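This is what each chain is made of:
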Amino acid sequence: MRINQILYVFLALLLWFNSPILKANNQVDSLITAIENSTVDTLKLQSLMKLSGSIYRSDPDNGIKYSQDAIDLATELNRKEDLGFALKNIGLSYYFKSDYPEALKYWEESLGVFKEIDHKAGISNLLSNLGAVYESLGDYPNALEYAIQSLKIAEEEDNQLRITTSLINIAAIYAADENTWPQAQKTLEEAIEKSKNLDAPDLSGTALLNLGELLLNQDKAKEALSYFARSLDNFNKVGGNQASAMDYMAQSYLKLNEPRKALIEAEFAYAEAQKNGSKVEMAASLLTTGKALKAIKRYSEAQRSLLLAEKISKELGTNELLQQVYDELSQLYALTNQNRKAYDYRVKLGEVKDIIRNNEYDKQINNLRFQLDFETKEKEIEILNRDNALQESEIARAGIIQRFLIALGSLMLIIIGGVTYLYRYSQKTNKLLAEERNRFEKILLNILPKDTADELQKKGYVDAKKIERGTVLFTDFKSFTKLSEILPPEQMVRSIDYFFSKFDEIIGKYDLEKIKTIGDAYMCAGGLPTKNKTNAKDAVLAALEIASFIDEVKNNPPEGIHPFEIRIGINTGELVAGIVGTKKFQYDIWGSAVNIAARMESACEVGKINIAYNTYELIKEEIKCDYRGEIEVKNGLHLKMYYVDREEYLEYNHNFDFSKISVLN
């Protein structure tokens, strides 16, 4: 679900127990007066609790101030239950300021207080709130875990309000993945049915809003519109989340190709969000406004709206929303023939997608692969240690033999017999040592290039080397993070291993050196550790064969292997190569050439090979390439990019064995 809409998914559990919402300013003023004039600490504490529990959304900054006063007073009076709610209220204020780390901190502390006094309702409340934060951060496994814990406690207490709210929370998490949309719809329909028996317009409005969004995502805009209208009616009763409902109505009108109606609703949504100071909803409604203005060809106004949405989204750090804004700006600039700006925003779009894609909580499959890698390396190091122990044992044994011969020097027959025995034993030991040494060398060559491995065995360390001209190749699979959430981990790792094993085979044919893999990214380089003049061409030919292999698997996937789509980026330049670490050591490379190669990959379209100008200059006479624009690499420096013409080499591959193409070098 979109971040700005999720805020109210959890609202029913965020509300303070048995505390009415204070809507009128005079009620707030009377509470402030009571706080200032109260001489009884317990009465002052209750007034602080009511005030902070009522203004956390409309005035979060003052909500934080009054909540902190309540925390201090509850601590002084040793009132644990009030302390738990005061900590919850300050978390609410931070939550509605989109300061999720602070909200997490206070809510975890509040949960601890409620657990200490075994306050079941409070525990259920805070578990739900913590789920809200993790859902907003996109950490759906943790969000679902907290929501289910909250539901179990609510069911134990037979608390229908919290049961209904937990159902809405769980549905919101299901709605984040289209594969679980049916479960989300079923759960929301159950929540809507339960909410009919509860006097909770906020709760009903939230359930209706979320079901409308789910239908909208399935292109059922007309049906969704009726749910948004019913949701807005409920929110109007309590002065709740009208801005989100209005914005969704605007999105529905856009889907129904009625942009003028969409513009009206979006502008109403922005005004409501601005009145409440909700920046997330402001950015969302500005995005919808920009879309509507673009649809009716009011391009300059659309640009202003989208740029303001970009500014607010950057301030909030909401990358998912920023991704949509960049996409719209790129399209808008392309429509108005501002091609340079269109390209710049397309690059920004790719960068923010990479940020989202690289989030650690979305990299569970990478963790699994790294775990397998670490276990393999641990076994290799264990064998190395065993070899060292064996050598030390042999040295000690040789000393014993020497002392034995001196002590029995006068007994020739015994010496001859002993020597004969020791000779045979030594033969067996030397054979064992030779076998272990061969295994050691094989393991070392599996980790390091041969020249580097030889240097390490000879000197005990490896000098860093400057490579005047090397070529770096990066690959990356499309939508890998999303697929890792869908596919079983065993199938995902099996598929990655299948592809990377083939990549290892291909780059070996072109004298390229595998550097490392990070998740779904594969990195190799040519021209090292042994220098050569053909590394640029070698890398491009390897990339062509890798791309052809990817196409072949896509057309005829083996059983149990998931086909991927790939991006490939290549750059040539100066490198530094060496070994890092003393345990689990790794051969690695550094330099701006590496960074530019990575940028070539991230700026590449799926199924293509994007090379930098540095590489193009070295291979342009032999391999056809197409110019495709520039990219900013660092400090305002722009670098030209080229796509390798795969068609020519695909045709060549039909007539010749690709495995023999390296003879062209």
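See the structure above.
Residues numbered from 1 in each chain as written. Predicted model: local features only at pLDDT ≥ 70, side-chain atom pairs only at ≥ 80, totals over all residues. Heavy atoms only, no water.

A.B. asks: Which residues make up the overall build of the protein, and what values go with them?
C.D. replies: Secondary structure assignment for the protein yields 28 helices and eight strands. For the protein, buried positions account for 50% of its 665 residues. When contacts within the protein are restricted to residue pairs at least 6 apart in sequence, those whose partners lie at least 24 apart make up 66%. Element-wise, carbon and sulfur atoms account for 51% of the exposed surface of the protein, whose accessible area totals about 32100 Å². (Helix = DSSP H or I, 4+ residues; strand = E, 2+ residues; numbered from the N terminus. Buried < 20%, exposed > 50% of the residue type's maximum accessible area, 1.4 Å probe, protein only. Contact = heavy atoms within 4.5 Å. Areas by Shrake-Rupley, 256 points an atom, 1.4 Å probe, with all protein chains shown as cover.)

A.B. asks: Just give me the short version of helix H18 (residues 319-335), but keep the residues and values in it.
C.D. replies: Residues that lie three or four places apart on an α-helix share one face, since the helix turns once every 3.6 residues. Along its 17 residues, H18 runs 24 Å from first to last C-alpha, staying within 8% of the 24 Å computed at 1.5 Å per residue. Taken together, the buried positions of H18 are occupied by Leu321, Leu322, Val325, Tyr326, Glu328, Leu329, Ser330, Leu332 and Tyr333. Residue Asn337 follows H18 closely and has a positive phi angle near 60°. (Expected span 1.5 Å × (residues − 1).)

A.B. asks: Go over the nonpolar core with me, naming the residues and quoting the values.
C.D. replies: Counting residues in each nonpolar core, the largest one holds 110 residues, and the members touching the most others are Leu51, Tyr95, Trp107, Val133, Leu211, Leu214 and Phe228. Broken down by element, the residue count for this core peaks at nine residues, all from helix H6 (residues 80-96). (Core = buried A, V, L, I, M, F, W, Y, C linked by side-chain atoms within 4.5 Å.)

A.B. asks: Which residues make up the packing of aromatic side chains, and what are the values?
C.D. replies: Taken as a whole and assessed by the stated rule, the structure comprises 21 aromatic pairs. Residues Phe228 and Tyr248 carry aromatic rings whose centres are separated by 5.0 Å and whose planes lie at 10° to one another, so their mutual orientation is stacked. One end of the pair, Phe228, is in helix H13 (residues 221-238); the other, Tyr248, is in helix H14 (residues 242-255), with 20 residues separating them in the sequence. Seen from their ring centres, Tyr498 and Phe549 are 5.9 Å apart, and the 40° between their planes marks the pair as tilted. Highlighted residues: Tyr498 in helix H24 (residues 489-509) and Phe549 in helix H25 (residues 535-555), separated in sequence by 51 residues. Accessibility expressed as a relative area gives 31% for Tyr498, which makes it partly exposed. Pairwise contacts between aromatic rings join Phe477, Phe480, Tyr498, Phe499, Phe500, Phe503, Tyr522, Phe549 and Phe564 into one cluster. The residue whose ring lies beneath Lys348 is Tyr345, and the NZ or CZ to ring-centre distance is 4.4 Å. (Phe/Tyr/Trp six-rings, centres within 6.5 Å; stacked < 30°, edge-to-face > 60°. Lys NZ or Arg CZ within 6 Å of the ring centre and 35° of its normal.)

A.B. asks: Summarise helix H9 (residues 140-156); cite the residues concerned and give the values.
C.D. replies: For H9, spanning 17 residues, the distance from its first C-alpha to its last is 24 Å, which sits close to the expected 24 Å at 1.5 Å a residue. Those residues of H9 lying buried are Ala143, Tyr146, Ala147, Ser150, Leu151, Ile153 and Ala154. Relative to the axis of H9, the buried residues are bounded by an arc of 165° and lie together on one face. For H9, exposure combined with an orientation more than 90 degrees from the buried face picks out Lys152 and Glu156. (Arc of directions from axis to C-beta.)

A.B. asks: Describe the environment of Ala597, naming the residues involved and giving the relevant values.
C.D. replies: With respect to the element layout, Ala597 can be found in helix H26 (residues 592-602). Apart from the residues lying within four places of it in its own chain, the contact partners of Ala597 are Val472, Phe474, Gly569, Ile570 and Asn571.

A.B. asks: Could you give an account of the packing of H13 against H14, with specific residues and numbers?
C.D. replies: Where H13 contacts H14, the two axes come as close as 9 Å, and the packing angle between them is 160°. For the element pair H13 / H14, the angle class is roughly antiparallel. The crossing of H13 and H14 is left-handed. Two secondary-structure elements touch here, H13 through Ala221, Ala224, Leu225, Phe228, Ala229, Ser231, Leu232, Phe235 and Asn236 and H14 through Gln242, Ala245, Met246, Tyr248, Met249, Ser252, Tyr253 and Lys255. (Axes fitted to C-alpha atoms, helices over the stretch in contact; angles between N-to-C directions. Parallel < 35°, antiparallel > 145°, perpendicular 65-115°, else oblique. Left-handed = near helix turned anticlockwise from the far one by under 90°.)

A.B. asks: Got a sec to walk through the side chain of Lys294? Specific residues and values, please.
C.D. replies: Mapping Lys294 onto the fold places it in helix H16 (residues 279-295). Every residue in contact with Lys294, bar those within four places of it in the chain, is listed here: Tyr299, Ala302, Glu328, Gln331, Leu332 and Leu335.

A.B. asks: Could you give me a rundown of the packing of helix H15 (residues 259-276) against H16, with the residues and numbers involved?
C.D. replies: Running from amino to carboxyl end, H15 crosses H16 at an angle of 160°, the nearest separation of the two axes being 8 Å. Classed by the angle they form, the pair H15 and H16 counts as roughly antiparallel. For the crossing formed where H15 meets H16, the hand is left-handed. Of H16, the residues touching H15 (which contributes Pro259, Ala262, Leu263, Ala266, Glu267, Ala269, Tyr270, Ala273 and Gln274) are Glu281, Met282, Ser285, Leu286, Thr288, Thr289, Ala292, Leu293 and Ala295.

A.B. asks: How would you sum up the side chain of Asp520? Please name residues and give values.
C.D. replies: Note on placement: Asp520 falls in the loop between strand E2 (512-518) and strand E3 (521-526). Residue class for Asp520 comes out buried when judged on its relative accessible area of 2%. Separated by 3.3 Å, the side chain of Asp520 and the backbone nitrogen of Phe477 make a polar contact. (Polar contact = N/O pair within 3.5 Å; in protein donor to acceptor, adjacent residues only side chain to side chain.)

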